[in-house]
Amino acid sequence: MPATPRPAASPVPVRPDTLAPEAVIVAGGFGTRMLPLTERRPKHLLEVGGVAFLEHQISTLAAAGVGHVVLATSYHAELFFPVLGDGSRFGVRLSYVTEDEPLGTGGAIRNVAGALAPEPERAVVVLNGDVLSGHDLVAQLADFEQPRDGRAVDVSLHLVEVADARAFGCVPTDEGRRVLAFVEKSDDPVSNQVNAGCYVFRRRVVDDIPAGRVVSVERETFPGLVADGALVVGWVESAYWRDVGSPAALVAASRDLVLGTATSPAVRRAPAPAWVDPGARVEGEVSDGSSVAVGAQVAAGATVRGSVLMPGAVVGAGSEVVDSVLGPGVRVGAGARVHGCAVGDEAAVPDGAMLEPGSRVACGSTA
Ligand code: GDD
Ligand code: MG
């Protein structure tokens, strides 16, 4: 009998006694800090580097050997499928599980348990749906599968160092990287090492989260696991990392992807000073990592630097748009100045207007 051809090697070093990992993306938050850009859609679908944000995460999971990704959605849940479909274009199977009322991060993870394969020891990657990370997920998964003193790891948390930890979950570890505590958003942070929003759970730990009620994985599940002596370990890595939860962070992440400071398997273009969709019309100057989506226009004499123009946004002659996001259908008139602003869908910036730096303009309004 001819030898059976070997299947292509998986990028993940899956041990014979373990099964391929699945993943959950928690993507049901309201995106309040991203307003007005999230007035009509979840932050997870905003274009960053020219593609919907979740495409970066789904492509990263696919590249790490994950075959099934479950999206835990709530706010504007109906908008995800038309953008992301069944996952086949990313090489994964995508499932959707929706909370009628948001159940919190832990409640959302528990709520998708029925969509996951049943094996209790299987690895389940969980991502916060707003983090752009270049860390080595394959290495984190391999580390998760290394027993410590003969004991299987229960949960692994990607951890990063930040200068100001107050907006994050603080996660001190011992010299063996075992997690000693988990303190979410404190004014007096116990360490600069914080939760980066990429976890690997043992499948059985997901089942232990209480079902049918609001649970915060950060305020309840992780502190509870540590207190109960579960084996929670940190995966400390300082690759590119950014929480894309505000307009300023969106501008920065998009610029980083266009310029090549950040990389993503969803962005296969070479780094460039700007990205302009073939269906956009640019006659003015576009630079500093700007991205210009389909149907957007930049008139002659206009300058767009370090900014994101969503589909159909128009910048009039002689205007200056810097470090800003213009939502879909925004119209900036001639000779206007927009610096560090977030302008909601279909809002208008009149001719000659000088917006206060940092302004947020509500959808459909006139600045
Ligand atoms: N399905 C669902 N349901 N998703 C939710 C819910 C919910 O009720 N609440 C929040 N999420 C999703 C958000 O949409 C987002 O993708 C993710 O959970 C994290 O929520 P954020 O609101 O972005 O949290 P954060 O940025 O303040 O803090 C979190 O991320 C930090 C790292 O970026 C925490 O996990 C911190 O500990 C962490 O340091
Ligand atoms: Mg966040």
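Residues numbered from 1 in each chain as written. Chains lettered and ligands numbered in written order. Predicted model: local features only at pLDDT ≥ 70, side-chain atom pairs only at ≥ 80, totals over all residues. Heavy atoms only, no water.

Overview of the domain arrangement of the protein chain
Then, number 1: Per the domain assignment, the segments of the protein chain are domain 1 (22-243) and domain 2 (272-361).
Then, number 2: Distance between the C-alpha centres of domain 1 and domain 2: 33 Å.
Then, number 3: At the boundary of domain 1 with domain 2, total buried surface from both sides reaches about 940 Å², with 56% on carbon and sulfur atoms.
Then, number 4: It is Pro36, Leu37 and Glu47 in domain 1 that bury the most area against domain 2; as a group they hold 51% of the surface buried on that side.
Then, number 5: Inspection of the domain 1/domain 2 interface yields two salt bridges.
Then, number 6: The salt bridge partner of Glu346 is Arg40, with a shortest N-O separation of 3.6 Å.
Then, number 7: Connecting domain 1 to domain 2 are three residue pairs in polar contact (both at pLDDT 80 or more).
Then, number 8: Split into classes, the residues belonging to the side of domain 1 that touches domain 2 amount to five nonpolar, one polar and four charged. (Domains from an automatic or database assignment. Buried area = accessible area lost by both parts, 1.4 Å probe. Salt bridge = Lys/Arg side-chain N within 4 Å of Asp/Glu carboxyl O. Polar contact = N/O pair within 3.5 Å; in protein donor to acceptor, adjacent residues only side chain to side chain. Nonpolar A, V, L, I, M, F, W, Y, C, P; charged D, E, K, R; others polar.)

As for the environment of Glu320
Then, number 1: Relative to the helices and strands, Glu320 is located in strand β22 (residues 320-322).
Then, number 2: For the pair formed by Glu320 and Phe80, sequence separation is 240 residues and the distance between their alpha carbons is 33 Å.
Then, number 3: The residues contacting Glu320, other than those within four sequence positions of it, are Thr303, Ala336, Arg337, Val338 and His339.
Then, number 4: Among the polar contacts made by the side chain of Glu320, one reaches the side chain of His339 at a distance of 2.7 Å. (Helix = DSSP H or I, 4+ residues; strand = E, 2+ residues; numbered from the N terminus. Contact = heavy atoms within 4.5 Å.)

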